[in-house]
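The residues making up each chain are set out below.
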Amino acid sequence: MTFAYQRMGGAGSAVGEYFADQGMTVNLLSLGLPDRYEAHAKPEAMLARVGLDANGIEAAIEKRLS
């Protein structure tokens with residue numbers, strides 16, 4: 001799993017690119033902010049709204065592993 005505040009061109013993209021270049025197939029879960037405008041709010045509220053708070057990250061991992 002990777003986490004970056006930017007999905008496109010973020011850490012997850014670099015990790016995925018590395019594995020692809022090595023000819024490796026991995027089950028990579030890359031989480032980050034969506035590539036769209038998000039209304040301003042307190043950071044905790046913004047992260048919760050896009051599923052990047054603790055509950056959202058846990059749900060994404062559980063969904064991937066199920």
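Residues numbered from 1 in each chain as written. Predicted model: local features only at pLDDT ≥ 70, side-chain atom pairs only at ≥ 80, totals over all residues. Heavy atoms only, no water.

### Let's talk about the overall build of the chain
- Summing up its helical and strand segments, the chain has three helices and two strands in all.
- Taken from N to C terminus, the helices and strands of the chain fall in the order β-α-β-α-α.
- Here the contacts in the chain between residues at least 6 apart in sequence split such that 51% fall between residues at least 24 apart. (Helix = DSSP H or I, 4+ residues; strand = E, 2+ residues; numbered from the N terminus. Contact = heavy atoms within 4.5 Å.)

### Overview of the pattern of salt bridges
- Evaluation of the coordinates by the stated rule reveals two salt bridges.
- Notably, a salt bridge pairs Arg36 with Glu38, separated by 2.8 Å at the nearest N-O pair.
- We classify Arg36 as exposed; its relative accessible area is 53%.
- Between Arg49 and Glu38 there is a salt bridge, with its nearest N and O atoms 3.2 Å apart. One end of the pair, Arg49, is in helix 2 (residues 43-49); the other, Glu38, is in the loop between strand 2 (30-32) and helix 2, and eleven residues separate them in sequence.
- For Arg49, a relative accessible area of 44% puts it in the partly exposed group.
- Three or more residues joined by partner-sharing salt bridges are found here, namely Arg36, Glu38 and Arg49. (Salt bridge = Lys/Arg side-chain N within 4 Å of Asp/Glu carboxyl O. Buried < 20%, exposed > 50% of the residue type's maximum accessible area, 1.4 Å probe, protein only.)

### Looking at the packing of aromatic side chains
- Summed over all chains, the structure comprises one aromatic pair.
- Pairing Tyr18 with Phe19 gives two aromatic rings, centres 5.7 Å apart and planes at 65 degrees, and the pair type is edge-to-face. (Phe/Tyr/Trp six-rings, centres within 6.5 Å; stacked < 30°, edge-to-face > 60°.)

### Examining the side chain of Glu38
- Taking relative accessible area as the criterion, Glu38 reaches 16% and is therefore assigned buried.
- Among the polar contacts listed, one links the side chain of Glu38 to the side chain of Arg36, at a separation of 2.8 Å.
- Of note is the side chain of Glu38, whose polar atom sits 3.2 Å from the side chain of Arg49.
- Once residues within four sequence positions are removed from consideration, Glu38 is found in contact with Met46, Arg49 and Val50. (Polar contact = N/O pair within 3.5 Å; in protein donor to acceptor, adjacent residues only side chain to side chain.)

### Digging into the confidence of the model for the chain
- On average, the chain scores 87 in pLDDT, and the residues at 70 or more come to 88%.
- Mean pLDDT across the elements of the chain ranges from a minimum in strand 1 (residues 2-4), with 67, to a maximum in helix 3 (residues 54-65), with 95. (pLDDT = per-residue confidence, 0-100.)

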